[in-house]
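Each chain is listed here by its residues.
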Number of protein chains: 2
Amino acid sequence: MVSMDTKALEKVALSIRALSIDAVERAGSGHPGLPLGTAELGAMLYGELLRHDPSRPQWPDRDRFILSAGHGSMLLYSLLHLCGYPEMSLEDIRNFRRLGSRASGHPEYGMAAGIEAGSGPLGQGISMAVGFAVAETMLAARFNDAAHTIVDHCTYALVGDGCLMEGVSGEASSFAGHYGLGKLIAYYDSNRMTIDGSTDLVFTEDVAARYRAYGWQVLQGSMYDFNEIAALTAQAKAEANKPSLIILTSIIGKGSPKKQDTPDAHSGPLGPEEIATARANLGIPGDFYVAPEALDYFAAKRGEWKKASAQWQLVFDAWSKANPEKRREWDAFHSGQADTSTAPVFKRGEEIAIRAAGNKALCALADANANLVGGSADLKGPNSAGLPPNAGVWTRENRGGRYIHFGIREFAMAAICNGISLHGGLRAYCSTFMVFSDYMRPAMRLSALMKQPVIYALTHDSIFVGPDGPTHQPVEQFAGFRAMPNLRVLRPADAEECAEAWAMAMEETKMPTVIALARQNIAVFDKADKDWKRSIRRGAYLVKRSEGKPELTVIATGTEVDLALAAVEKIGGEKIAVVSMPSRELFESQSAEVRDAIVAPGARTVVCEAGARSGWERWAKTEDILSVDSFGESGTAEEVAGHLGMTVDALVGIIRKEGR
Amino acid sequence: MVSMDTKALEKVALSIRALSIDAVERAGSGHPGLPLGTAELGAMLYGELLRHDPSRPQWPDRDRFILSAGHGSMLLYSLLHLCGYPEMSLEDIRNFRRLGSRASGHPEYGMAAGIEAGSGPLGQGISMAVGFAVAETMLAARFNDAAHTIVDHCTYALVGDGCLMEGVSGEASSFAGHYGLGKLIAYYDSNRMTIDGSTDLVFTEDVAARYRAYGWQVLQGSMYDFNEIAALTAQAKAEANKPSLIILTSIIGKGSPKKQDTPDAHSGPLGPEEIATARANLGIPGDFYVAPEALDYFAAKRGEWKKASAQWQLVFDAWSKANPEKRREWDAFHSGQADTSTAPVFKRGEEIAIRAAGNKALCALADANANLVGGSADLKGPNSAGLPPNAGVWTRENRGGRYIHFGIREFAMAAICNGISLHGGLRAYCSTFMVFSDYMRPAMRLSALMKQPVIYALTHDSIFVGPDGPTHQPVEQFAGFRAMPNLRVLRPADAEECAEAWAMAMEETKMPTVIALARQNIAVFDKADKDWKRSIRRGAYLVKRSEGKPELTVIATGTEVDLALAAVEKIGGEKIAVVSMPSRELFESQSAEVRDAIVAPGARTVVCEAGARSGWERWAKTEDILSVDSFGESGTAEEVAGHLGMTVDALVGIIRKEGR
């Protein structure tokens, strides 16, 4: 460690405090407690510890920093501004929490360069950081060679009490310890205060012992000793085989004379009087103060950072020259483009479980796209989630492996996939039973909000799961997913559709996809629309045409398309059209012309889906929707379907208006 | 500990193995690994350790046992049958996993007496067990007196690797350790195997150290030594101030000659050949074998158990005589009935935040119903979730307190509330921001499935949250909740509705309720329907009538009723009716006659809700729905609402068909 200019660092910390106090005051809301309490760490991180280059925020080999305690966003914004990141102006900070400012209430991914992840919901930031660290090991193993190290960076996170109370951080930390993610370093802002009061109220566990139990190196020190932070961080970096938790004892709201070290410092403006005293005590001369010494310090740093990133570029260029093939692969990995030109071929009439067809599609894509990585939450077999054998398993010993055993940790799995995706260079998929998507829903919401094309391959997608009973039978999940903004839901009806669904998911660049994969066998059916592979990309197509103008259109999704075809055949429905609609929201986003060509306007429509009715009312009258609006039961698939009326005969009854 | 008949216990274990093997085989699916591996513990628990009485399954002071690893359901069913619980016949077991059998795939609450909780989804069983233990301390503190102990029982749970990997168990266990729940005893079936393979794959943390870090007593032993289990359990019971984790090293599928100690034992039938060898080795003479010695053993036990419960009854009767007031309260607590006769009164025109009105309603109900307990996930103030001061705070020292600080652990909070509710005697509520309901959704689903009337008071219910940004602004949550079976969603529009919503939630006995509580101030509005308190119990009522038959009905919920009234006033809409619909699904369940009296059939309908459109299409054309179908933004409430078009002017535009 070179000698540090601690005087300048103090001025950086002072500037963070000044900006944070004023931004929260002007906004009339926000969280001063964390930025005031951790300003020294922030200064150290962005000044001395992080390998980064504000003039090149997308530098692939930069260190990543995730502010897991996202409510302390003013810490991050202050630092981005002081360092000279181009997308965080003083004007943004002055308009903290206002529409149009890049300084949003919580860090939002995409809002400004330098924000590596959206981290409003607690516990997910550290879990995504684990994913960043996973990605680093994978890319390092794949691309570094004996002569060139082009991937070698750390992932830093700052967590608070809230992050550590949330279960997802425990899942992810256990995972990180097991896999020995040595380049992951988390600082714990241990201020012993939450919104409700002292942590003595409800959080008295021994965090250090818990993290040691997970297999982490645990270090402890003071938040306010630059040299100690430097030494502890060096110790953390020296430990190659364990992630490190650095517990820094701190004072929430440090610098706020009356509120510091009290729960009042957590949220809300300090108020003019408190600010006046704070300024007098700290030596802050005015509004939105930035100390000139802090600016000078970072100006000098910017030169060093540019040199470091230019140095890396030289190595990268030399590596590219020595490894033209690898370089092409590197570019492909980072292009955001996927190769979906090869897909498994299925025979018409062939009976195959949709989850099994899904695995064939996944494996074909994995062969064509070496950056596709992921796995399942301990359901590799039942989810048919495995990758081709040559993809290998990612372990401590084999960082080049691509299949990840996540353990029975659905929520962390999704958050880790978000981290892998955010890191850049890799595409992530993950898999569990559809019903357990509830466990990881908060991370799926972040995928959607952050526009990350994570693929959620969710099997066992309806009450046809059968004997495992209602806790394993999804009912309301489709409705919940479809209502989520920026999430694509695909429910393929047979193996052919399944292959297309996987291709569509891989083609997405700014949206996560849920692929619902049934457990049941379905015979690949004939498709009236010969151009169905194009049509399905609009959400729906005609599986069966009517003779002449249809009197009735039956819309179905997933395995219920098969059921609909059987019902229409039973009825001898020459005047009936059958539509497969794997993605309702995609179809609904089409022009009226496109929609009308598939679902004949004016004619009666019947809908059939083994899930909650909600949302289908746009397409059919309530009495014309065959749905499942109660919990399932334990029984054979046939028994449960019969009990709930999800049968060919029930659909025939609806079509014939016989009532239910 | 009296001397045990270990020979008989061995026969009980043998019978568990025999029944479990055959039930799974006959069903063609299921999980033999756990019942085979833990049969000895099961025998000990139901024979020697649990204080229970199969002839009186609802005995209030019984010990509770929660099979947190619910996939091992055959362990529980075998024991219920062997002990003589009336609702688990051999016929049920023979029809394991078939419709109509009480032996469902996973334990379902309500399916058979003796099943204390539904525990299919991993991690939630142990978390509910924490709730049972909380309830025990509360009732003991309230009802026991110096001379009579009428509440004094333990909560036992059996957890597997999966339960301990799930984050929710970590949250709940940290909570249990903090609060020193000494009567909670969890056995960990440490068999080192999951579906994907050895736990070495992905779960190598030091569980014992982690639980010690939580503040638990951790004990270790063998699954197959009756005396050791007895001694360890005695040690656990002797520790009054800490919950205990008893780690029992075991062999998954023990008794299955080729599959035991392999992942293959986890799920699926063993197969005829394997069963034949197992039977030969173990001495099982035939199908669905129950050893006569096991039956004799339990027949003798049944006498002892009856004596113990009769003994308790004597104490209870004496206590009742000495404490007639308390006895009345006890009966009220256990009646399932709530007193909703008192409610806060608000003045028309009074401006009050709905969350604040909610607190007045909650406090009034808490005063009238001393069994109402609960709290918030570290947002007591923001959620307005506090109880009246005389209700006290539940702590280690004050077990009679009723407000619970849950910490930043939403998922565990909901699971613990399920446990409190399942225990009997208490009503539970809990509170967080609406958007973080995503974190606890899996437990809310269990509330609904188990028919537990837990109250979820969720504040900050729309994009009007403003500056905290999209991670804190719910959008799709209403749609998701409304699609969930057996969950009541209430979104009150002003303080008066809010008080009624709380009363409705308390009146429910078999259904959880979500009350959406806005952060904003709303002036209490005049209601055209003078009988609105009756009408609201059907889900909707007329806030404003039209002159004559309405040309248009505007349906709105929550704070958007105010917006709708303003829009209609602006437009001078004499021919427009305005309907407040706090519960769409309740309204939809009414007869056509009731519905038509509120929403005039034939006339145009416009809907306004600051949430996803999904499901409203039943009531209005897509273009006539003013909704929020994208994520929010960080900004003032007005900025965000303006940006998303959730304004009076936008609604006026829709009503006037001006397009959007």
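Residues numbered from 1 in each chain as written. Chains lettered and ligands numbered in written order. Predicted model: local features only at pLDDT ≥ 70, side-chain atom pairs only at ≥ 80, totals over all residues. Heavy atoms only, no water.

**Student:** Just to check I follow, could you spell out the packing of helix 1 (residues 6-27) of chain A against helix 2 (residues 33-49) of chain A for this structure?
**Tutor:** A packed helix pair is summarised by two numbers, namely the angle formed by the two axes and the spacing between the axes. All names here are of chain A. Remark: helix 1 packs on helix 2, axes separated minimally by 8 Å, with the N-to-C direction vectors making an angle of 130°. Comparing the axis directions of helix 1 and helix 2 gives the class oblique. For the crossing formed where helix 1 meets helix 2, the hand is right-handed. Contacts between helix 1 and helix 2 involve L9, V12, A13, I16, R17, S20 and I21 on the former and, on the latter, P35, L36, A39, E40, G42, A43, M44 and E48. For the contact of helix 1 with helix 2, a count of residues per class yields 10 nonpolar, 2 polar and 3 charged. (Axes fitted to C-alpha atoms, helices over the stretch in contact; angles between N-to-C directions. Helix = DSSP H or I, 4+ residues; strand = E, 2+ residues; numbered from the N terminus. Parallel < 35°, antiparallel > 145°, perpendicular 65-115°, else oblique. Left-handed = near helix turned anticlockwise from the far one by under 90°. Contact = heavy atoms within 4.5 Å. Nonpolar A, V, L, I, M, F, W, Y, C, P; charged D, E, K, R; others polar.)

**Student:** What is the right way to read unusual backbone geometry from this model?
**Tutor:** Comment: phi is negative for the bulk of residues other than glycine, and the bulk of peptide bonds are trans. Residue and element names in this part refer to chain B. Unusually for a residue other than glycine, R97 sits at a positive phi of about 70°. Structurally, R97 can be placed in the loop between helix 4 (90-94) and helix 5 (124-143). Using a relative accessible area of 3% as the deciding quantity, one classes R97 as buried. You will see that K657, though not glycine, has its phi angle at about 55°, which is positive. Looking at the secondary structure, you find K657 in the segment after helix 23 (648-655). Using a relative accessible area of 62% as the deciding quantity, one classes K657 as exposed. (Buried < 20%, exposed > 50% of the residue type's maximum accessible area, 1.4 Å probe, protein only.)

**Student:** How do you make sense of the pairing of strand 2 (residues 155-159) of chain B when you look at a structure like this?
**Tutor:** For a regular strand, side chains alternate in direction, first toward one face of the sheet and then toward the other. All names here are of chain B. Most of strand 2 sits inside the fold, with 5 of its 5 residues counted as buried. Along strand 2, one buried face is formed by T155, A157 and V159 and the opposite face, lined by Y156 and L158, is buried too. Alignment of strand 1 (residues 64-67) against strand 2, held across 4 bridges, turns out to be parallel. Counterpart to L67 in the pairing with strand 2 is L158. (Pairing = 2+ DSSP bridges.)

**Student:** What should I look at first to understand the nonpolar core in this one?
**Tutor:** Across soluble globular proteins, nonpolar side chains show a tendency to be buried alongside one another. Membership of the largest hydrophobic core comes to 180 residues, with the highest contact counts inside it found for V134 of chain A together with V134 of chain B. With sequence-adjacent residues up to four places away left out, V134 of chain A is seen in contact with F175, L181, W394, I404, I416 and I420 of chain A. (Core = buried A, V, L, I, M, F, W, Y, C linked by side-chain atoms within 4.5 Å.)

**Student:** Teacher, can you tell me more about the sheet that holds strand 13 (residues 488-490) of chain A here?
**Tutor:** Note: strands within a sheet are paired through backbone hydrogen bonds, in either parallel or antiparallel orientation. Residues and elements named next belong to chain A. Read across the open sheet, the 6 strands follow the order 10-9-11-12-14-13; overall the sheet is parallel. A strand with exactly one partner marks an edge of an open sheet, and here the two such strands are strand 10 (403-405) and strand 13. Neighbour-to-neighbour, the strand axes of this sheet turn through a mean angle of 20°, independent of strand direction. With 5 bridges joining them, strand 12 (residues 455-459) and strand 14 (residues 513-517) adopt parallel strand pairing. From the neighbouring strand, I455 faces strand 14, where its bridge partner is T513.

**Student:** Is there a simple way to explain the interface of chain A and chain B in this structure?
**Tutor:** With 92 residues of chain A in contact, the opposing surface of chain B contributes 93 residues. At the boundary of chain A with chain B, total buried surface from both sides reaches about 7600 Å², with 56% on carbon and sulfur atoms. Linking chain A with chain B are 10 salt bridges, by the criterion used here. For E476 of chain B, the salt bridge goes to R445 of chain A, with nearest N and O atoms at 2.8 Å. Residues belonging to the side of chain A that touches chain B are distributed by class as follows: 35 nonpolar, 30 polar and 27 charged. (Buried area = accessible area lost by both parts, 1.4 Å probe. Salt bridge = Lys/Arg side-chain N within 4 Å of Asp/Glu carboxyl O.)

**Student:** So what exactly am I meant to see when it comes to the relation of the copies chain A and chain B here?
**Tutor:** The pair of chain copies shares a relation made of a rotation about an axis and a shift along it. Its rotation angle being 180°, the transformation that places chain A on chain B also includes 0.0 Å of axial translation and leaves an RMSD of 0.0 Å. These values place the two chain copies in the arrangement generated by a two-fold rotation axis. A shared interface surface links the copies, since 100% of the contact residues of chain A are contact residues in chain B too. (Least-squares fit on C-alpha atoms with pLDDT ≥ 70 in both.)

**Student:** Even after reading the chapter, I still don't get the environment of R519 of chain A, so can you show me in this structure?
**Tutor:** Residues and elements named next belong to chain A. Residue placement: R519 occurs in the loop between strand 14 and strand 15 (521-523). Judged by relative accessible area, which is 38%, R519 ranks as partly exposed. Placed 343 residues apart in sequence, R519 and A176 show a C-alpha to C-alpha distance of 31 Å. Once residues lying within four places of it in the same chain are set aside, the contact partners of R519 are A353, R355, H460 and V465.

**Student:** How do you make sense of helix 23 (residues 648-655) of chain A when you look at a structure like this?
**Tutor:** Counting along an α-helix, one turn takes 3.6 residues, and residues three or four places apart therefore face a common direction. Residues and elements named next belong to chain A. All of the buried residues in helix 23 are L651, V652, G653, I654 and I655. For helix 23, the elements touching its buried residues are strand 17 (552-556), helix 19 (560-571), strand 18 (576-580), strand 19 (604-608) and strand 20 (625-626). At the exit of helix 23 stands K657, carrying a positive phi of roughly 55°.

**Student:** How should the packing of aromatic side chains be read in this particular structure?
**Tutor:** Two measures describe an aromatic ring pair: the distance that separates the ring centres and the angle between the ring planes. Residue and element names in this part refer to chain A. Applying the stated rule across the entire model yields 50 aromatic pairs over all chains. Between W319 and W330 the ring centres are 6.0 Å apart and the planes differ by 70°, which places this aromatic pair in the edge-to-face class. Of this pair, W319 sits in helix 11 (residues 292-322) while W330 sits in helix 12 (residues 324-333); the two residues are 11 residues apart in sequence, bridging distant segments of the chain. Comparing W319 with W330, the two get one shared label, buried. Here K527 stacks its cationic end above the ring of F525, 4.1 Å away from the centre of that ring. (Phe/Tyr/Trp six-rings, centres within 6.5 Å; stacked < 30°, edge-to-face > 60°. Lys NZ or Arg CZ within 6 Å of the ring centre and 35° of its normal.)

Spatial relationships are all this shows, so hold off on functional conclusions.
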